[in-house]
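Coordinates in review
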2 protein chains.
Amino acid sequence: MQSKKTPLVIGLDPIYSRLPPAIRGHRQMNDEFDAAAAVDAIFDFCTQAMRIVAPIVPAVKINIAFFERYLWEGLESYYALISEADDLGLEIVGDVKRGDIGHTAEMYATAHLQNSELTGLEDVLAPDAITIHGYTGADGIEPFAKMAAAQGKGVFVLVRTSNPSAGALQDFKDSSGQALYEKMAQVVGEIAGRPEYMGEKGYSDIGMVVGGTTPEATTSLRSKYDNIWFLVPGYGAQGADAVDCIRFCKPDGTGALINASRSIIYAYEKPKYKDQFGDDWKKCLEQAVVDAKIDLSTAMQSKL
Amino acid sequence: MQSKKTPLVIGLDPIYSRLPPAIRGHRQMNDEFDAAAAVDAIFDFCTQAMRIVAPIVPAVKINIAFFERYLWEGLESYYALISEADDLGLEIVGDVKRGDIGHTAEMYATAHLQNSELTGLEDVLAPDAITIHGYTGADGIEPFAKMAAAQGKGVFVLVRTSNPSAGALQDFKDSSGQALYEKMAQVVGEIAGRPEYMGEKGYSDIGMVVGGTTPEATTSLRSKYDNIWFLVPGYGAQGADAVDCIRFCKPDGTGALINASRSIIYAYEKPKYKDQFGDDWKKCLEQAVVDAKIDLSTAMQSKL
């Protein structure tokens, strides 16, 4: 993150029907309903997109659901993409939102955080960090935290999401006025603060997912949890602006990964970029990343 | 469920190191760290177990984490097991605990509830029902509900889990004394009650996961949500007894699926069964199912 000088993370949630015609129209990859063709097209698109963004952003967030939709064929492609990202020097957040307790959680943690040691799969890399659900409490967080620490990786627990109906549950308040998401942050913060999970540079291996669309309600988390990385979805397509998102960064620029997905990877659909670069979807994507970096950087400067 | 006259569901969460020696010792399946061998052993064990239980229980719950641990090799095996279960006439609950919003939730719902129509994967069946997280609120439940209704299937949303630390969040109370799990039940109940999700016999396609270990706190849900199926984990190894669990059944015996996993599938480790059947793990398993059925039936009789 330091070397790329931006908190921007590019989210990959590839949908076949929105892939650029240049990829969808490929002789072998022109069938949305053929699992192999669709998976190849998605893999190709993501790989090319990552080659463009690798020199200019520190990390990608890969949304496993868009691969899981193609069952085990998709899952194989998901792990292959992680190796590609690693080769490109990108940090990888696996957006898997798994959540369970005890032995089941250990199994999920093994699948999604441990670089495989299984014969036949020993070259497979797992992401550098993943997202998880924390609804079951500490029992559901600790097995992931332990695996993350053992592998030198990270975990982001969902604390406050940015979707419209999130508040109905996450803003549920107790008699003292504490909201559920604050209680969730407290549970996460207690685990994150333990010495065994404290990584380098004063940050814990355990972070929080907090949406950028609720800045008033959530920026207090930044000051309250000094040792926490925040993964911030919602920048771009979901309606959070740069000023909202940048609140999660400390003055030195660290402390937040700000994710933009659709606004970047489908930039070639926007008239703004189409007019400038025509059918060159890669140039559209690259320009959208550059624009987002400038947008965040400007917001950061005005905050300081 | 009606024809098998029991609410008992057998949970399959197969761990290689606990498989019976007869399977682990098989020439081609005797290597825990070889992905193909381990997956074969687990698949073989689960298939044999299902053949035993199919005539005497209505459903199995397959925990995907224990397959996902073997990455895409495991996932292929998971779906193959669902087809086997279907051939045996079992209903299948996919214990996947996915949870996300919008388009991502649609992708998960497609992967886990829609029988595949993809070329190359068109024979693949998805489970009859799955478990999901509801922390993101209605936005995270509705895409799954819609897919379940379209496919004639079901969804169980985590409301109150049975693990020790669950209470820290799920019993979080507002100023009126309503606990978070009750609020979650309310969000689920509102969706479940919509006409488009009302299935046959007065039950909704949308159910709730409520642990058997907190009977005082949760049996009120049974009377409050008349049209809800409850999936009840915790019977057996996790410490809930038959009387606790049977509270979720209505007087006609419907309304709950009571799950036992480890206490059944690893019955051959228990002296009680070992003494009776020696190394015959299948007889141990069968007897454990019969005993559990009688236990639940006795509890049901004494309740009426």
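This report concerns the structure included in the present document. (Residues numbered from 1 in each chain as written. Chains lettered and ligands numbered in written order. Predicted model: local features only at pLDDT ≥ 70, side-chain atom pairs only at ≥ 80, totals over all residues. Heavy atoms only, no water.)

Right, let's talk about the pairing of strand E4 (residues 129-132) of chain A for a bit. Residue and element names in this part refer to chain A. Going residue by residue along E4, you find Ala129 and Thr131 tucked away on one face and Ile130 and Ile132 tucked away on the opposite face as well. Relative to E4, strand E3 (residues 91-98) runs parallel, the two being bridged by 3 bridges. Pairing of Gly94 across the sheet is with Ile130, part of E4. Taken together, E4, helix H6 (residues 138-151) and strand E5 (residues 154-160) form a β-α-β motif whose crossover is right-handed. (Buried < 20%, exposed > 50% of the residue type's maximum accessible area, 1.4 Å probe, protein only. Helix = DSSP H or I, 4+ residues; strand = E, 2+ residues; numbered from the N terminus. Pairing = 2+ DSSP bridges. Right-handed = clockwise from strand over helix to strand, strands pointing away.)

Glancing now at the sheet that holds strand E7 (residues 230-232) of chain B. Residues and elements named next belong to chain B. Strands sit in the order E1-E2-E3-E4-E5-E6-E7-E8 around a closed barrel of 8 strands; the barrel is parallel. The mean inter-strand angle of the sheet, taken between neighbouring strand axes irrespective of direction, is 30°. Of the strand pairs in this sheet, strand E6 (residues 206-210) and E7 are connected by 2 bridges, and their pairing is parallel. Residue pairing in the sheet places Met208 in a bridge with Phe230 of E7. Most of the contacts of helix H4 (residues 71-87) go to strand E3 (residues 91-98), to which it runs at about 155°, and overall it touches strand E1 (8-12), strand E2 (59-63) and E3. Relative to E1, helix H13 (residues 281-303) is tilted by about 140°, and along the sheet it contacts E1 and strand E8 (256-260). (Axes fitted to C-alpha atoms, helices over the stretch in contact; angles between N-to-C directions. Contact = heavy atoms within 4.5 Å.)

With that settled, consider the pattern of salt bridges. Using the criterion set out here, one finds 22 salt bridges over all chains in the structure. A salt bridge links Arg18 of chain A to Glu269 of chain A, with the shortest nitrogen-to-oxygen separation between them at 2.7 Å. Pair noted here: Arg18 of chain A is in the loop between strand E1 (8-12) and helix H1 (21-24) and Glu269 of chain A is in the loop between helix H11 (262-265) and helix H12 (271-277), with a separation of 251 residues, a long-range link. Looking at Arg18 of chain A, the relative accessible area reads 27%, which means it is partly exposed. By relative accessible area, Glu269 of chain A is classed as partly exposed at 35%. Here Lys250 of chain B ties to Asp226 of chain B by a salt bridge, and the two come within 3.4 Å at their closest N and O atoms. Note that Lys250 of chain B is positioned in the loop between helix H10 (242-246) and E8 and Asp226 of chain B in the loop between helix H9 (215-224) and E7, a separation of 24 residues in sequence. On the accessibility criterion, Lys250 of chain B (17% relative accessible area) is buried. Residues participating in the shared-partner salt-bridge network are Lys61, Asp95 and Lys97 of chain A together with Asp100 of chain B. (Salt bridge = Lys/Arg side-chain N within 4 Å of Asp/Glu carboxyl O.)

To continue, consider the nonpolar core. Ranked by internal contacts, the top residues of the largest apolar core, which has 232 residues, are Val60 of chain A together with Val60 of chain B. In contact with Val60 of chain B, other than residues within four places in its own chain, are Val9, Ile10, Leu12, Met50, Val53, Ala85, Leu90, Glu91, Ile92 and Val93 of chain B. (Core = buried A, V, L, I, M, F, W, Y, C linked by side-chain atoms within 4.5 Å.)

Residue and element names in this part refer to chain A. Ordered in space as E1-E2-E3-E4-E5-E6-E7-E8, the 8 strands form a closed barrel in which the pairing is parallel. Ignoring strand direction, the axes of neighbouring strands in this sheet form an average angle of 30°. Where strand E2 (residues 59-63) lies against E3, 5 bridges are found, and the strand directions are parallel. Bridge pairing in E3 places Val60 opposite Ile92.

A full pass over the atoms with the stated rule returns 16 aromatic pairs over all chains. A centroid spacing of 6.0 Å and a plane angle of 45° characterise the contact between Trp72 of chain A and Tyr79 of chain B, whose relative ring orientation is tilted. With Trp72 of chain A in helix H4 (residues 71-87) and Tyr79 of chain B in helix H4, this pair bridges two chains. You can call Tyr79 of chain B buried: its relative accessible area is 3%. (Phe/Tyr/Trp six-rings, centres within 6.5 Å; stacked < 30°, edge-to-face > 60°.)

Rotating chain B by 180° about the axis while translating it 0.0 Å along that axis superimposes it on chain A, leaving an RMSD of 0.0 Å. Here the transformation between the copies is reduced to the relation of a two-fold axis. When the interface residues of chain B are mapped onto chain A, 100% of them are again interface residues, pointing to one common binding face. (Least-squares fit on C-alpha atoms with pLDDT ≥ 70 in both.)

As for its placement among the helices and strands, Thr254 of chain A is situated in the loop between helix H10 (242-246) and strand E8 (256-260). A polar contact of 2.7 Å, which involves the side chain of Thr254 of chain A, links it to the side chain of Tyr203 of chain A. (Polar contact = N/O pair within 3.5 Å; in protein donor to acceptor, adjacent residues only side chain to side chain.)

What follows covers the state of the cysteines. Residue and element names in this part refer to chain A. Tallied over the entire structure, the rule returns 0 disulfides over all chains. This cysteine, Cys249, is not joined by any disulfide, and Cys245 carries the nearest cysteine sulfur, 9.0 Å off. Free of any disulfide, Cys284 has its nearest cysteine sulfur in Cys46, 17 Å distant. (Disulfide = S-S within 2.5 Å.)

Residues Glu73 and Glu76 of chain A together with Glu73 and Glu76 of chain B make up a contiguous surface patch of negative charge. Only H4 of chain A together with H4 of chain B provide two or more residues apiece to the negative patch. Secondary-structure assignment places Glu73 of chain B in helix H4. (Patch = residues over 30% accessible without salt bridge, like charges linked within 9 Å, V, L, I, M, F, W, Y side chains within 5 Å. Areas by Shrake-Rupley, 256 points an atom, 1.4 Å probe, with all protein chains shown as cover. Lys, Arg positive; Asp, Glu negative; His and termini not counted. Charge placed at Lys NZ, Arg CZ, Asp CG, Glu CD.)

As a packed pair, H4 of chain A and H4 of chain B sit with axes 8 Å apart at the nearest point and diverge in direction by 170°. By the criterion of interaxial angle, the relationship of H4 of chain A to H4 of chain B is roughly antiparallel. Contacts from Leu71, Trp72, Leu75, Glu76 and Tyr79 of chain A in H4 of chain A reach Leu71, Trp72, Leu75, Glu76 and Tyr79 of chain B in H4 of chain B. Per-class residue counts for the contact of H4 of chain A with H4 of chain B are 8 nonpolar, no polar and 2 charged. (Parallel < 35°, antiparallel > 145°, perpendicular 65-115°, else oblique. Nonpolar A, V, L, I, M, F, W, Y, C, P; charged D, E, K, R; others polar.)

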